[in-house]
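Observations on the model geometry
What follows is each chain in one-letter form.
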Amino acid sequence: MSEILVAKNINKIYDEGSIRTQVLTGLDLTVRAGERIAIVGTSGSGKSTLLHLLGGLDVPTSGEVWLHGQCLNQMNETERGNMRNQHLGFIYQFHHLLPEFTAIENVAMPLLLRKDVPIKQARHEAVALLERVGLGHRLEHRPGELSGGERQRVAIARALVTKPSLVLADEPTGNLDYDNAQSIFTLLAELQDTMQTALLMVTHDRSLAAMADRQMLLKNGKWEDFLD
Ligand SMILES: Nc1ncnc2c1ncn2[C@@H]1O[C@H](COP(=O)(O)OP(=O)(O)OP(=O)(O)O)[C@@H](O)[C@H]1O
Ligand SMILES: [Mg+2]
C-alpha cells in the first residue's frame, strides 16, 4: 500500500516566554492509502497538537512531516495551504462551519478556494455530497438552523468534497450522543470506503476506536503499547 503521510521523529515544544512545554516527543507515524487509524489518549496528551502538525496547520519543533513524498517543513504557508487543499480534509470537534453561509456554500468552499473550479460545478458537487450524507433537504440551511448531528454531517461533506487522500478528524463525534456518534462514524466509514480515503481520527470513544484498522495510544506525547 502506498504511503500517504509519514511523520518522522516529531517533537513539539510550546515555548511561551518562561513557560516551556514539551508536548510531543520523538513520534513516528505512517498512514497508508485507505487506512483507518484511531488515536486515543487522555486529555492533554497531545492528540490535537499532533493532528495540527500532520495537517500542516502548525510546524514541529523538530522532525519531519511528509505528505505524498513532499516535506511540509520546508514549505512556506502558501505552499502548505495548497498541499492541505489538494490532499487533506479536516473535521473538527466543533464543526467550524461558517455561520453566515448555507450548507451548500460551506461544503463548496474548499473547491472554490482552488480558484480553477467554476462556482456552478463546486455547488453541484456540494449538493451531491450533501445528498449522500442525508442532507438533501437542508441545502440552504445555515449552521445555526441545523442540529448538532446535521452540522457534523455538513462538516464531513466539506472534508470530503475535494476527494482528499486523507481525512484528519479531531473527535468528529465528540459532542454527539451515542446513536448519532455511531451513525456519523458509519457514514464516514462508508464514504471513506467508496472514495478510498484514509482516515486518522482522534476519539475518546473506545468503541469507535475499536472499529478502526489500527488503534494508537498517545500518552504524555509518546506512543504507548495498546492494551485492550
Ligand atoms: N498553544 C499552546 N501553548 C502552550 N501549550 C499548549 C498550546 N496548545 C496546547 N498546549 C498544551 O499541550 C498539551 C496538549 O494539548 P492538546 O490540545 O494537543 O491535547 P489533546 O490530547 O488534544 O487534549 P483533549 O483531549 O483535551 O483535546 C496540553 O497540556 C496543553 O495545555
Ligand atoms: Mg484535543
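Residues numbered from 1 in each chain as written. Chains lettered and ligands numbered in written order. Predicted model: local features only at pLDDT ≥ 70, side-chain atom pairs only at ≥ 80, totals over all residues. Heavy atoms only, no water.

1. So, the pattern of salt bridges
Here the structure, examined in full by the defined rule, presents seven salt bridges. Where Arg214 meets Glu35, a salt bridge forms, and the shortest distance between an N and an O atom there is 3.0 Å. Residue Arg214 is found in strand β9 (residues 214–219), and its partner Glu35 is found in the loop between β2 (19–32) and β3 (36–40); the two are separated by 179 residues along the sequence. You can call Arg214 partly exposed: its relative accessible area is 27%. (Salt bridge = Lys/Arg side-chain N within 4 Å of Asp/Glu carboxyl O. Helix = DSSP H or I, 4+ residues; strand = E, 2+ residues; numbered from the N terminus. Buried < 20%, exposed > 50% of the residue type's maximum accessible area, 1.4 Å probe, protein only.)

2. Observations regarding the sheet that holds strand β7 (residues 166–170)
Across the sheet, six strands lie side by side as β6-β7-β8-β3-β9-β10; this open sheet has mixed pairing. Of all the strands in the sheet, the pair left with one neighbour each is β6 (88–91) and β10 (222–224). On average, adjacent strands in this sheet sit at an angle of 25° to one another, irrespective of strand direction. Two elements, β3 and β9, share four bridges in a ladder whose sense is parallel. The residue bridging Ala38 from the neighbouring strand is Gln215, located in β9. (Pairing = 2+ DSSP bridges. Axes fitted to C-alpha atoms, helices over the stretch in contact; angles between N-to-C directions.)

3. With respect to the confidence of the model for the protein
Averaged over all residues, the pLDDT of the protein is 92; the fraction at 70 or higher stands at 99%. Considering each helix and strand of the protein separately, the mean pLDDT is smallest for helix α6 (residues 178–195), with a value of 85, and largest for strand β4 (residues 62–67), with 97. (pLDDT = per-residue confidence, 0-100.)

4. Details of the nonpolar core
Nonpolar side chains in soluble globular proteins tend to end up buried together. Grouped together as the largest cluster of nonpolar side chains are 35 residues, with contacts concentrated most on Ile91, Val107, Leu130, Val133, Val154, Ile156 and Leu160. Broken down by secondary-structure element, the contributors of at least two residues to this core are α3 (103–112), α4 (119–132), α5 (148–160), β7, α6 and β8 (198–202). Once residues within four sequence positions are removed from consideration, Val154 is found in contact with Leu97, Ala103, Asn106, Val107, Leu130, Leu135 and Leu146. Formed by 29 residues, the second largest nonpolar core is a distinct cluster that contains Val31, Leu72, Leu88 and Phe90. (Core = buried A, V, L, I, M, F, W, Y, C linked by side-chain atoms within 4.5 Å. Contact = heavy atoms within 4.5 Å.)

5. With respect to helix α2 (residues 77–87)
Within α2, the full set of buried residues consists of Arg80, Met83, Arg84, Asn85 and His87. Contact partners of the buried residues in α2: β4, β5 (70–71), β6, α3 and β7. Measuring from the side-chain oxygen of the N-cap residue of α2 to the backbone nitrogen of Thr78 gives 3.1 Å; that N-cap residue is Asn76. (Polar contact = N/O pair within 3.5 Å; in protein donor to acceptor, adjacent residues only side chain to side chain.)

6. Some details on the packing of aromatic side chains
In this description, an aromatic ring pair is defined by two values, namely the gap between the centres and the angle between the planes. Considering all chains together, one arrives at one aromatic pair under this definition. Aromatic pair Phe90 and Tyr92: ring centres 6.1 Å apart, planes at 10°, arrangement stacked. (Phe/Tyr/Trp six-rings, centres within 6.5 Å; stacked < 30°, edge-to-face > 60°.)

7. With respect to the site of ligand 1
In the neighbourhood of ligand 1, 13 residues make up the surrounding shell, with Ser43, Gly44, Lys47, Ser48 and Thr49 lying closest. Measuring from an oxygen atom of ligand 1, one finds a side-chain N or O atom of Ser43 at 2.6 Å. One nitrogen or oxygen atom from the side chain of Ser48 is found 2.8 Å from an oxygen atom belonging to ligand 1. Look at ligand 1: alone it shows 640 Å² of surface, and the protein chains cover 62% of it. For the shell around ligand 1, the secondary-structure elements that each account for two or more residues are β1 (3–16) and α1 (47–54). Each residue belonging to the shell around ligand 1 can be placed in one class, and the counts come to two nonpolar, eight polar and three charged. (Near = heavy atom within 4 Å. Areas by Shrake-Rupley, 256 points an atom, 1.4 Å probe, with all protein chains shown as cover. Nonpolar A, V, L, I, M, F, W, Y, C, P; charged D, E, K, R; others polar.)

8. Here's the deal with the pairing of β4
Looking at chain direction, β1 and β4 are connected through five bridges and run antiparallel. Note that in β4 the partner of Ala7 across the bridge is Val65. As paired strands, β4 and β5 are joined by two bridges and run antiparallel to one another. Of the residues in β5, the one forming a bridge with Leu67 is Gln70. Between β4 and β5, which pair antiparallel and follow one another directly, the connecting turn spans two residues, one of which, His68, has a positive phi of 50°.

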